[in-house]
Amino acid sequence: MTITRPSTVAAPHFSVISGAQVQQALEGKEQPIVELVEAAYRLHSAGASVNPDSYFLRFPDRPSDRIIALPASLGGETRVNGLKWISSFPHNVEAGLPRASAVLILNDCDTGYPFACLEASIISATRTAALAASAADWLSRDRGRPARVGFIGVGLIARYIHTFLRGTGWAFDEIGVHDTSTDSAAGFCAYLERTGCSGPITVHDRPEDLIRSSDLVVFATVAGEPHVHDVSWFDHNPVVLHVSLRDLSPDIVLASTNIVDDVDHCMKANTSPHLAEQRTGNRDFVAGTLDDVMAGRVRPPADRPVVFSPFGLGVLDLAVGKYVYDEVARAGELQVVDGFFHELRRYG
Ligand SMILES: NC(=O)c1ccc[n+]([C@@H]2O[C@H](COP(=O)([O-])OP(=O)(O)OC[C@H]3O[C@@H](n4cnc5c(N)ncnc54)[C@H](O)[C@@H]3O)[C@@H](O)[C@H]2O)c1
């Protein structure tokens, strides 16, 4: 590929986009955002992206905390580079703060200059929920749309996934809730009630009861290692959105049809598929990617559980972040930091 460099470039400027602006740009746009995220995901799957491994900063004295860097470059019409830098400090929740906090830096493709810093916890939750809603749709096409949903681990990500399912036309006869924290379960139920859910909401004390009574099971816990081991809990062949990636034992993974977002990415960082790979020494248990399902190359059979494990791709953050940037710019509401780039003449 030949890169044509412009002979003159506009003076670079840099904007800061707050969480309030991000939320305003995305609110109520669930269907178009699912389409945007699917388009970016398809581009990635077609090779029109650069999405290196996520880089994990961990702390020997605080094993539950981490900060992850996700650099990426998205091609196609969007054409943007950037980096999401996202912290996960699960104990924040006890202090009344969300677990995750993040920024997204967008870089110009021609000059490399960063041109925006966006609050990105909302962007990250949005792209995660959008791809989860997309997977729920594609993976249930041959087995009938689930009417009973169960959420295991009900923090911010579970709330966004419910919002995206609802905003893309899903309605449920029953909603099950399970969390190791009664406060989280109560908070999520209060959120569900505010959304005007019509069917019954049941809080299950045991994950087994929730799984057995749900056709769509959403895992959004912060479990660091598998806590669900019994294959028989999945005898009714549910669709499982394994968003938190480390809940299921290798036995359950191996007894299911496994769909991932990106095979190489998913076989890392001790996710449940990674544990299954370590156990078996191969990746034969992975039926394919969500892109394979979208393109009709893989059709998950209805007589097995189907587990979607999305590692989470930086290119999807870029797609949503650039959409937000463009919306804020179009509204004339960019908060440009005057003089951010200062040394612009090479010899002074
Ligand atoms: N795959 C992706 O692309 C992606 C993207 C974003 C977040 N995530 C993951 O989603 C998960 C949830 O994130 P969040 O921001 O909602 O976190 P959160 O802290 O707000 O909520 C997590 C909830 O899980 C509960 N929990 C912990 N262990 C549990 C267990 N064994 N059984 C039942 N409940 C349990 C906690 O009590 C808490 O209420 C995290 O693991 C995060 O890494 C994945």
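Please refer to the structure higher up on the page.
Keep in mind it's a predicted model, so treat the numbers as computed, not measured. (Residues numbered from 1 in each chain as written. Predicted model: local features only at pLDDT ≥ 70, side-chain atom pairs only at ≥ 80, totals over all residues. Heavy atoms only, no water.)

*Asks:* Kindly report on the overall build of the chain, identifying the contributing residues and their values.
*Replies:* Per the secondary structure count, the chain includes 11 helices and 16 strands. A compact globule built from 348 residues should have a C-alpha radius of gyration of about 20 Å, and the chain, at 21 Å, falls within 12% of that. Per-residue burial for the chain yields a buried fraction of 50% across its 348 residues. At a minimum sequence separation of 6, the contacts of the chain that also span at least 24 residues come to 69%. Placing the 30 positive and 42 negative side-chain charges of the chain at their respective mean positions leaves the two points 4 Å apart. (Helix = DSSP H or I, 4+ residues; strand = E, 2+ residues; numbered from the N terminus. Rg over C-alpha atoms; globule rule 2.2 N^0.38 Å. Buried < 20%, exposed > 50% of the residue type's maximum accessible area, 1.4 Å probe, protein only. Contact = heavy atoms within 4.5 Å. Lys, Arg positive; Asp, Glu negative; His and termini not counted. Charge placed at Lys NZ, Arg CZ, Asp CG, Glu CD.)

*Asks:* Help me get a handle on the site of the ligand, residues and values and all.
*Replies:* For the ligand, the set of nearby residues contains 26 residues, the closest of which are I157, D179, S184, T221 and P310. At a separation of 3.5 Å, a nitrogen atom of the ligand approaches a polar side-chain atom of H227. In the complex, 86% of the free accessible area of the ligand, which totals 870 Å², lies under the protein chains. Listed by contribution, the elements that provide at least two residues to the shell around the ligand are α3 (121-139) and α4 (156-167). Within the shell around the ligand, the residues separate by chemical class into 11 nonpolar, 11 polar and 4 charged. (Near = heavy atom within 4 Å. Polar contact = N/O pair within 3.5 Å; in protein donor to acceptor, adjacent residues only side chain to side chain. Areas by Shrake-Rupley, 256 points an atom, 1.4 Å probe, with all protein chains shown as cover. Nonpolar A, V, L, I, M, F, W, Y, C, P; charged D, E, K, R; others polar.)

*Asks:* For the environment of K29, give the residues involved together with the corresponding values.
*Replies:* Along the chain, the position of K29 falls in the loop between α1 (19-26) and α2 (30-45). Among the residues examined, K29 registers a relative accessible area of 23% and is labelled partly exposed. Distance in space between the C-alpha atoms of K29 and F164 is 9.1 Å, their sequence separation being 135 residues. For K29, the contacting residues outside a window of four places in its chain are Q24, Y323 and E327.

*Asks:* Break down the environment of P52 for me, with residues and values.
*Replies:* Relative to the elements of secondary structure, P52 occurs in the loop between β2 (49-50) and β3 (55-58). Linking P52 and R212, residues 160 residues apart in sequence, is a C-alpha distance of 38 Å. The residues touching P52, leaving out its near neighbours within four places in the chain, are P71, A72 and H265.

*Asks:* Explain the side chain of S124 residue by residue, including any values.
*Replies:* By the element assignment, S124 lies in helix α3. Discounting chain neighbours no more than four positions away, the residues touching S124 are K84, I86 and D317.

*Asks:* Please give an account of the pattern of salt bridges that cites residues and values.
*Replies:* Applying the stated criterion across every chain, the model contains 21 salt bridges. Across the salt bridge formed by R148 and D215, the nearest N and O atoms sit 2.9 Å from each other. Here R148, found in strand β8 (residues 148-152), pairs with D215, found in the loop between α6 (207-212) and β11 (216-219); they are 67 residues apart in sequence, far enough to count as distant. Assessed through its relative accessible area of 26%, R148 is described here as partly exposed. (Salt bridge = Lys/Arg side-chain N within 4 Å of Asp/Glu carboxyl O.)

*Asks:* Can you break down the packing of α3 against α4 residue by residue, with the values?
*Replies:* It is at 8 Å that the axes of α3 and α4 come closest, and there the two elements cross at 50°. Here α3 lies oblique to α4, going by the angle between them. Viewed along their axes, α3 and α4 form a crossing whose handedness is right-handed. Only L156, I157, Y160, I161, F164 and L165 of α4 make contact with α3, whose side of the interface consists of I122, A125, T126, T128, A129, A130, A132, A133 and A136. Looking at the contact of α3 with α4, its residues break down into 13 nonpolar, 2 polar and no charged. (Axes fitted to C-alpha atoms, helices over the stretch in contact; angles between N-to-C directions. Parallel < 35°, antiparallel > 145°, perpendicular 65-115°, else oblique. Left-handed = near helix turned anticlockwise from the far one by under 90°.)

*Asks:* Describe the sheet that holds strand β13 (residues 257-260), with residues and values.
*Replies:* Read across the open sheet, the 8 strands follow the order β10-β9-β8-β11-β12-β15-β13-β14; overall the sheet is parallel. Two strands in the sheet have a free side with no partner beyond their single neighbour: β10 (201-203) and β14 (286-289). Ignoring strand direction, the axes of neighbouring strands in this sheet form an average angle of 20°. α4 contacts β8, β9 (174-178) and β11 of the sheet and is inclined by roughly 160° relative to β8. (Pairing = 2+ DSSP bridges.)

*Asks:* Could you give an account of the pairing of strand β12 (residues 239-242), naming the residues involved and the relevant values?
*Replies:* Residues of β12 alternate between two faces, with V239 and L241 on one and V240 and H242 on the opposite face, all of them buried. Pairing of β12 with strand β15 (residues 306-309) involves 3 bridges; the strand directions are parallel. By the bridge assignment for β15, V240 is matched with V307.

*Asks:* Talk me through the nonpolar core; I want residue IDs and the actual numbers.
*Replies:* By size, the foremost hydrophobic cluster in this structure holds 75 residues, and its most contacted members are F151 and L290. In terms of residues, this core owes the most to one element, α3, which gives 12 residues. Not counting residues within four places of it along the chain, the set of residues in contact with F151 comprises A158, I161, H162, L165, I175, G176, V177, H178, F188, L210 and V218. In this structure, L245, I252, A276 and F311 belong to the second largest nonpolar core, which totals 21 residues. (Core = buried A, V, L, I, M, F, W, Y, C linked by side-chain atoms within 4.5 Å.)

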